[in-house]
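Summary of the model geometry
Below, each chain spelled out in residue letters.
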Amino acid sequence: MSDKKIIAVLGSTGAQGGGLVRAILDDPDRPFAARAVTRNADSPKARALAERGAEVVEATLDDEESLRKAFEGAHGAYVVTDFWESMSADVELAQAATAARAAKAAGVAHVVWSTLEDTRDVIPVAGRRVPVLQDRYTVPHFDAKAEADAFFRDSGVPTTYLRSTFYWEGFAQGSGPVRGEDGRLVFTLPIGEARLPGIAAEDIGRTAYGVFAAGDEYVGKTVSIAGEHLTGAQYAAAFADALGEPVGYRPLTPAEFRALGLPAGDEFGNMFQFYVEGERDFVAARDLAAVRALNPRLQTFRAWLAAHVEAVRPA
């Protein structure tokens with residue numbers, strides 16, 4: 001029987017969990033075994049993980065018994081919820097509570113919970129300075145995760161709270177530079193001159209692996225991560241160098257962004273306003289040297305962009 005410690009990974013076929021499973025399998029010393037938890041073990045991504053040596057099991061965050069079984073015998077568990085699947089903070093809260101109970105019942109020794117700041121500490125809903133969403137939130141996909149921290153803390157399961165940030169993959173999904181009617185490229189980001197901490201999604205999983213590999217060192221602690229802290233102008237300059245042509249920076253205000261009427265525009269507009277108003281503390285919490293100590297392969301934006309330039313190249 002293998003003496004490797006099992007890490008059960010939720011979201012194993014997604015951005016964060018997939019990065020962690022690959023980090024486990026890429027370690028030549030293999031101190032851990034990867035248990036990839038997915039709703040469909042027969043999906044192409046799940047089969048690819050199995051072919052690489054991961055144990056693949058089926059469970060969902062909406063079925064506590066399936067999740068408890070998926071956690072059974074595991075030393076660690078990586079828990080991530082997907083707000084965008086339901087677009088409901090209440091659903092995300094219920095799923096996080098289910099995961100905390102299942103981890104406790106299974107006797108998991110170390111949970112890494114993927115969470116975020118509570119934006120209401122910076123922009124309280126009582127002030128009504130931004131649209132209040134889902135009755136009580138400023139940025140539901142941040143705030144619900146922050147509320148859910150209590151489920152893990154109160155359950156008594158040993159937990160590390162891993163706070164991530166903006167994924168650079170978003171630039172390959174429609175928010176990168178676009179070509180204007182005059183033929184010139186422009187990059188729009190509603191943060192003014194503030195810095196926007198970003199990270200490659202793969203590095204979230206890799207950094208989580210560093211937390212597990214450190215043993216109990218980070219149990220009970222919050223670990224806030226990013227790959228770089230860049231202004232909109234710095235992002236635009238990197239795009240220009242990678243694409244081989246000038247890219248102008250268009251710094252909308254969050255209010256102007258919300259007024260565009262885009263899908264989830266209020267949610268994202270409020271998020272960018274939080275990044276601006278909470279910039280000092282949000283950036284300060286993300287010590288890049290400390291993140292790199294956990295994940296020596298941590299990518300800069302330019303390194304990530306070099307590998308994804310065709311995905312962000314506009315027509």
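My aim in this report is to walk through the structure given alongside it, one point at a time.

Remarks on the overall build of the protein chain
When helices and strands are tallied, the protein chain shows 13 helices and 13 strands. Here the C-alpha radius of gyration of the protein chain, 20 Å, is about what a compact globule of 315 residues would show, namely 20 Å. Across its three principal axes, the protein chain shows a C-alpha extent of roughly 65 × 45 × 35 Å. Burial statistics for the protein chain: of 315 residues in total, 53% are counted as buried. Sequence separation of 24 or more characterises 77% of the internal contacts of the protein chain that already satisfy a separation of 6 or more. Counting every atom, the protein chain has about 13,800 Å² of accessible surface; 51% of that belongs to carbon and sulfur. Here the protein chain contributes 33 positive and 44 negative side-chain charges, whose respective centroids are spaced 2 Å apart.

Points about the pattern of salt bridges
Applying the stated rule across the entire model yields 23 salt bridges. Of the charged contacts in the structure, one is a salt bridge between R297 and D26, with a shortest N-O distance of 4.0 Å. Pair noted here: R297 is in the loop between α12 (288–294) and α13 (301–312) and D26 is in helix α1 (residues 15–26), with a separation of 271 residues, a long-range link. For D26, a relative accessible area of 37% corresponds to the partly exposed category. In this structure, the salt-bridge partner of E65 is R68, at a minimum N-O distance of 2.6 Å. Placement of both E65 and R68 in helix α3 (residues 64–71) is noted, with a separation of three residues, approximately one turn of the helix. Judged by its relative accessible area of 40%, E65 falls in the partly exposed class.

Let's talk about the nonpolar core
Ranked by internal contacts, the top residues of the largest apolar core, which has 35 residues, are F171, F187, Y235, F239, Y275 and F301. When residues in this core are grouped by element, the largest group, six residues, is from helix α8 (residues 232–243). Residues L67, A70, A99 and Y161 belong to the second largest nonpolar core, which totals 30 residues.

Some details on the sheet that holds strand β10 (residues 195–199)
As summarised here, the arrangement of the three strands in space is β7-β10-β12, forming an open sheet in which the pairing is mixed. Lying at the two open borders of the sheet, with one neighbouring strand each, are β7 (166–167) and β12 (228–231). Here β7 pairs with β10 via two bridges, running parallel. From the neighbouring strand, F166 faces β10, where its bridge partner is G198.

Here's the deal with the packing of aromatic side chains
Enumeration over the complete set of coordinates arrives at 24 aromatic pairs. Geometrically, the ring pair formed by F142 and F274 is edge-to-face, given 5.7 Å between the ring centres and 65° between the ring planes. Placement of F142 in helix α6 (residues 140–155) and of F274 in helix α10 (residues 265–277) is noted, with a sequence separation of 132 residues between them. You'll find F142 and F274 in the same group, each marked buried. Plain terms: the ring middles of F274 and Y275 are 6.2 Å apart, the flat faces sit at 45° to each other, and that makes the pair tilted.

Re unusual backbone geometry
For R30, which is not glycine, the phi dihedral falls at a positive 45°. Locating R30 in the fold gives a position in the loop between α1 and β2 (32–38). Even without a glycine there, the phi angle at Q134 is positive, about 50°. Among the structural elements, Q134 can be located in the loop between β5 (110–115) and α6.

Structural notes on the packing of α8 against α13
Two packed helices can be described by the angle between their axes and the distance between those axes. At a minimum axis separation of 10 Å, α8 and α13 run at an interaxial angle of 60°. Classified by the angle between their axes, α8 and α13 sit oblique to one another. In terms of crossing hand, the pair formed by α8 and α13 is right-handed. Between α8 and α13, the residues in contact are Y235, A237, A238, F239, D241, A242 and L243 and F301, R302, L305, V309 and V312, respectively.

Quick look at the side chain of R258
Structurally, R258 is set in helix α9 (residues 254–258). Within the local environment of R258, its side chain forms a polar contact with the backbone oxygen of G269, the two atoms lying 3.4 Å apart. Not counting chain neighbours up to four residues away, the residues in contact with R258 comprise V130, P131, G265, D266, G269, N270 and Q273.

Quick notes on the rules
- For every chain, the first residue of the written sequence is number 1, and numbering continues from 1 along that sequence.
- Given that the model is predicted, a residue must reach a pLDDT of at least 70 before its local features are reported, and side-chain atom pairs must reach 80 or more before they are shown or counted; all residues, however, enter totals for whole chains, interfaces and linings.
- Excluding hydrogens and water, the side-chain figures rest on all heavy atoms present in the structure.
- Put simply, DSSP marks the helices as runs of H or I at least four residues long and the strands as runs of E at least two long, and each gets a number from the N terminus on.
- C-alpha atoms define the radius of gyration in this analysis, and the globule rule sets the expected value at 2.2 Å times the number of residues to the power 0.38.
- Buried means the residue's accessible area, taken with a 1.4 Å probe over protein chains only, is under 20% of the maximum for its type, while exposed means over 50%, and partly exposed covers the values in between.
- Should any heavy atoms of two residues lie within 4.5 Å, those residues are counted as being in contact.
- Surface exposure here means Shrake-Rupley accessible area, sampled with a 1.4 Å probe, where a residue is shielded only by the protein chains that are shown.
- Only four residue types enter the tally: Lys and Arg on the positive side, Asp and Glu on the negative side, with His and both chain ends excluded.
- A single reference atom marks each charge: NZ on Lys, CZ on Arg, CG on Asp, CD on Glu.
- The salt bridge definition used is simple: a Lys or Arg side-chain nitrogen within 4 Å of an Asp or Glu carboxyl oxygen.
- Nine residue types can take part in a nonpolar core, namely buried Ala, Val, Leu, Ile, Met, Phe, Trp, Tyr and Cys, and a core is a set of them joined through side-chain atoms within 4.5 Å.
- Only strands joined by at least two bridges in the DSSP assignment are considered to pair.
- Aromatic rings from Phe, Tyr and Trp, taking only the six-membered ring of Trp, are treated as a pair when their centres fall within 6.5 Å; an angle between ring planes under 30 degrees marks them as stacked, one over 60 as edge-to-face, and anything in between as tilted.
- For helices, the axis comes from a line fit to the C-alpha atoms of the stretch in contact; other axes are also lines fit to C-alpha atoms, and the angle between any two N-to-C directions lies between 0 and 180 degrees.
- An angle below 35 degrees is treated as roughly parallel, one above 145 as roughly antiparallel, one from 65 to 115 as roughly perpendicular, and anything else as oblique.
- Crossing handedness: left-handed means the near helix sits turned counterclockwise from the far one by under a right angle, and right-handed means the same turn made clockwise.
- We define a polar contact as two N or O atoms separated by no more than 3.5 Å, with the added condition that, inside protein, one atom must be a possible hydrogen donor and the other a possible acceptor, whereas residues neighbouring each other in sequence contribute only through side-chain atom pairs.

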